[in-house]
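The lines below spell out each chain.
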Amino acid sequence: MLDTTPLRVVQWTTGNVARAAVPAVLRHPLLELVGCYAWSPEKAGRDAALLCGLPEPCGVEASADIPALLALKPDCVVYTPLHLDAEVVERLLRAGINVVTTAEFLTGHSVPELRERLDAAAREGGASLFGSGMNPGYTQLLGAVATGICSEVRHIRTVESVDVSHFAADSNMDALGWGRPLGDPGHADDVRAAVAVFEDGVYVLADCLGITLDAVECRVEFAAAKRDLDLPGRPVAAGTVAGLDVRFVGISGGRELIDLHQRWVMDHEVEPPMPAEHGYRIEVDGNPKVTLTLGLLPDQPLDTLTAADMHGIGMRITAMPIVHAIPHVVAARPGIVTYADLPVPAARIIR
């Protein structure tokens, strides 16, 4: 049973994901926000809640003073930069501070040298490191749960199928090569490198299912825009790349057992066709065969929905899996942990 004493939490950076994470931490009955890191000097000394878009201050000032934040002796850091700074995370773990993160790190299998380094730091500090997000991360947990009614499982696929044109200008899209010519040499390799964290997602699902993998393969297909796309911050010319179909396939004993399938399009009409279902689907080839569909709807009238609201939903489903996992991560064994090591995290707030 979890201790009900509030856990001391430090938020690390105040960007897009933090705008969803900080309000959730402030409302969570088992969490207490005690510090906030902001790397830019103009943010230092400002209230964390106000930096994250809340209307009222919370009384916690952002700071760029890492030693001072360590001196707060937090139980956990919510680490949400876009990319992981290995030196900073290693420092936190060696100090005995648990870390939950959305910064493109789940198991570290996609970056083996970093995996060994951070796992060693966590074990030395007696701390745990947990990475998630919606996908990869929470979607693979849903996949594992879907197998719980099967007497046998032969293959499992998790599918994300989304029109990403609302997020065209987002920095997450920069390395995917939207607008490059079809057949551009090296494009598939560049996509694989940009989304290598999905390899970690294959291992998360394998861990949950008790599967030892021999290899993970990445397969990339492209589709072209059928018309010029005047997207804010990222115009895409007709005939250039406007659709990506990316699969990370886990193989064991010569069999393809796990498939993380991502389909992202910048328009509903691309060639060849890549229909986007605007959600997530789990497909289990087992006994029985299982299909789960996860749809997401905004908590507001659709006629009031803006691009900023859509972006906010994306950030919320990215942040919530790690916030809800904090108590379980603090209680977990030292080292890198995955959903295979934790009870299923669930929301504590129903309002």
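A short tour of the structure in this document, coming up. (Residues numbered from 1 in each chain as written. Predicted model: local features only at pLDDT ≥ 70, side-chain atom pairs only at ≥ 80, totals over all residues. Heavy atoms only, no water.)

Side note on the state of the cysteines
By definition, a disulfide is the covalent link that joins the sulfur atoms of two cysteine residues.
Next, step 1: As enumerated under the stated definition, the model contains zero disulfides in all.
Next, step 2: Residue Cys76 stays outside any disulfide, its sulfur separated by 14 Å from that of Cys36, the closest cysteine.
Next, step 3: For Cys76, a relative accessible area of 0% translates into the label buried.
Next, step 4: The closest cysteine sulfur to the non-disulfide-bonded Cys208 is located on Cys150, 15 Å from its own sulfur. (Disulfide = S-S within 2.5 Å. Buried < 20%, exposed > 50% of the residue type's maximum accessible area, 1.4 Å probe, protein only.)

Focus: the environment of Val249
Next, step 1: Along the chain, the position of Val249 falls in strand S9 (residues 241–252).
Next, step 2: The class for Val249 is buried, based on a relative accessible area of 0%.
Next, step 3: Placed 66 residues apart in sequence, Val249 and Met315 show a C-alpha to C-alpha distance of 26 Å.
Next, step 4: Discounting chain neighbours no more than four positions away, the residues touching Val249 are Ala215, Val216, Glu217, Arg219, Glu256, Ile258 and Asp259. (Helix = DSSP H or I, 4+ residues; strand = E, 2+ residues; numbered from the N terminus. Contact = heavy atoms within 4.5 Å.)

Overview of the packing of aromatic side chains
Next, step 1: In the structure shown here, the tally under the stated rule is four aromatic pairs.
Next, step 2: Ring centres of Phe130 and Tyr339 lie 5.1 Å apart, and the angle between their planes is 85°; on these two criteria the pair is classed as edge-to-face. In this pair, Phe130 is assigned in strand S6 (residues 128–131) and Tyr339 in the segment after strand S14 (335–337), connecting sequence segments 209 residues apart.
Next, step 3: According to the relative accessible area criterion, Phe130 is buried, its value standing at 0%.
Next, step 4: Taken together, a centroid distance of 6.0 Å and an interplanar angle of 55° make the contact between Phe198 and Trp264 tilted. Of the two residues, Phe198 is situated in helix H8 (residues 197–209) and Trp264 in strand S10 (residues 255–265); the sequence distance between them amounts to 66 residues. Like Phe198, the residue Trp264 is buried in the burial classification.
Next, step 5: An aromatic cluster is present here, built from Phe198, Phe248 and Trp264 joined pairwise through their rings. (Phe/Tyr/Trp six-rings, centres within 6.5 Å; stacked < 30°, edge-to-face > 60°.)

Remarks on the sheet that holds strand S4 (residues 76–79)
Next, step 1: Across the sheet, which stays open at both edges, the seven strands sit in the order S3-S2-S1-S4-S5-S6-S14 with parallel pairing between neighbours. Whereas interior strands pair on both sides, the edge strands pair on one side only; in this sheet they are strand S3 (62–63) and S14.
Next, step 2: The sheet contact formed by strand S1 (residues 7–12) and strand S2 (residues 31–37) spans six bridges and is parallel. When the bridges of S2 are listed, Arg8 appears paired with Glu32.
Next, step 3: Packing against the sheet, helix H5 (residues 112–125) makes contact with S6 and S14, and its axis sits at approximately 110° to S14. (Pairing = 2+ DSSP bridges. Axes fitted to C-alpha atoms, helices over the stretch in contact; angles between N-to-C directions.)

Read these as spatial facts, not as claims about activity.
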